[in-house]
Amino acid sequence: MSAHPSPHKPVALVTGATSGMGREVARELSATHQVIAVGRDEARLAAITAETGATPWQFDLTSDAEALGASVAALERLDVLVHAAALGGHHSVAEAPDAVWQEQFETNVLAPARITRQALPLLRETEGTVIFIGSGASTRPVPGSAVYSATKHALKALADVLRIDEEPRRVRVTTLAPGQTNTAMLKRSIPSQQHTPERYIQPRSVAATVRFVVDAPADVHLTDVTLRPRQEIARL
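Residues numbered from 1 in each chain as written. Predicted model: local features only at pLDDT ≥ 70, side-chain atom pairs only at ≥ 80, totals over all residues. Heavy atoms only, no water.

Draft legend 1. Here's a closer look at the environment of A137. Secondary-structure assignment places A137 in the loop between strand 5 (129-133) and helix 5 (146-166). Residue classification places A137 among the buried residues on the basis of a relative accessible area of 6%. Taking the C-alpha atoms as reference points, A137 and G179, 42 residues apart in sequence, are found 7.6 Å from one another. If near-sequence neighbours (up to four positions away) are discounted, A137 is found in contact with V142, Y148, S149 and H153. (Helix = DSSP H or I, 4+ residues; strand = E, 2+ residues; numbered from the N terminus. Buried < 20%, exposed > 50% of the residue type's maximum accessible area, 1.4 Å probe, protein only. Contact = heavy atoms within 4.5 Å.)

What follows is the structure in structure tokens.
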């Protein structure tokens, strides 16, 4: 597989493309875009590449930041950038060591900011779209989850300011904030006996919403999109 996408289709770069929401986003966008799938796991990256025809980029967003940035800079075009990679987990202020704060902010905030900075010249040329996969935790406090919630608050602030700054260049910036979604991250955060998949948002539904944002008419800007379970989990 070539290291560079075909120039004949619009190009979408998706981080976290080997699992959960990111994998479903890569699948969804591959119908119309040449997808660049960014992930760490070689086997899962090969699987999504074989399924979708995506261009595989095997990078760790933090330890491979310089190499990833060089690859972004070498692209000929970029139309869509989806930040789906994230770290989660329940960590309270009383219990979280500095290393947890640093790791989650590096992955959930600094890496998306860095990649976006590197991609902006291309996105300005195409009047492209940046989608940050946020979280309901950015606006609804989650007990015992101070670190993850703080990173998603910060990510939304990043998106809000970026949107204002890039408006003159017609770059669209969207925060898509799902509630509880049936991903591996969610499963790790709750006891197995409490896991009821049918109650949660499905990753493919998040991907369908990404599609809605990407395909929005050229005269509109979808700024904040919130997805909630059909029945709120906290009320059941």
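Now that the structure has been shown, the text picks up again.
Draft legend 2. Representation of the pairing of strand 4 (residues 80-83). Of the two faces of strand 4, the one lined by V80 and V82 and the one lined by L81 and H83 are each fully buried. Note that strand 4 and strand 5 share four bridges and pair parallel. Paired with V80 across the bridge in strand 5 is T129. Running through helix 4 (residues 98-126), the crossover from strand 4 to the neighbouring parallel element strand 5 is right-handed. (Pairing = 2+ DSSP bridges. Right-handed = clockwise from strand over helix to strand, strands pointing away.)

Draft legend 3. A look at the layout of surface pockets. Taken as a whole, the second largest pocket holds about 300 Å³ of empty space. In terms of lining, the second largest pocket is formed by 15 residues, of which the most central are E127, R170, R172, A218 and V220. Split by residue class, the lining of the second largest pocket holds five nonpolar, four polar and six charged. (1 Å grid on protein atoms, 1.4 Å probe; cavity = no way out; pocket = protein on both sides within 12 Å on 5 of 7 lines; lining within 4 Å. Points joined across faces, edges and corners; volume = space filled by probe spheres on them. Nonpolar A, V, L, I, M, F, W, Y, C, P; charged D, E, K, R; others polar.)

Draft legend 4. Main features of the sheet that holds strand 6 (residues 172-178). Spatially, seven strands are ordered 3-2-1-4-5-6-7 in an open sheet, and the strand pairing comes out parallel. Looking at strand neighbours, the two that pair on one side only are strand 3 (55-58) and strand 7 (224-227), the edges of this open sheet. Here the average twist between neighbouring strands, direction ignored, is 15°. Strands in contact with helix 1 (residues 20-29) are strand 1 (11-15), strand 2 (34-39), strand 4, strand 5 and strand 6; relative to strand 1, the strand with the most contacts, it is inclined by about 165°. (Axes fitted to C-alpha atoms, helices over the stretch in contact; angles between N-to-C directions.)

Draft legend 5. Quick look at helix 2 (residues 42-52). Inspection of helix 2 places L45, I48, T49 and T52 among the buried residues, and these make up the whole buried set. All buried residues of helix 2 fall inside an arc of 105° around its axis, so they share one side. Of the exposed residues in helix 2, the ones pointing more than 90 degrees away from its buried face are A43 and A50. Where helix 2 is buried, its residues meet helix 1, strand 2 and strand 3. The N-terminus of helix 2 is capped by D41, whose side-chain oxygen sits 3.2 Å from the backbone nitrogen of A43. (Arc of directions from axis to C-beta. Polar contact = N/O pair within 3.5 Å; in protein donor to acceptor, adjacent residues only side chain to side chain.)

Draft legend 6. Seen up close, the pairing of strand 3. Of the two faces of strand 3, the one holding T55 and W57 is buried and the one holding P56 and Q58 is not buried anywhere. For strand 2 and strand 3, the ladder comprises four bridges, and the chain directions are parallel. Within the sheet, the bridge partner assigned to I36 lies in strand 3 and is T55. Handedness of the crossover joining strand 2 and strand 3 through helix 2: right-handed.

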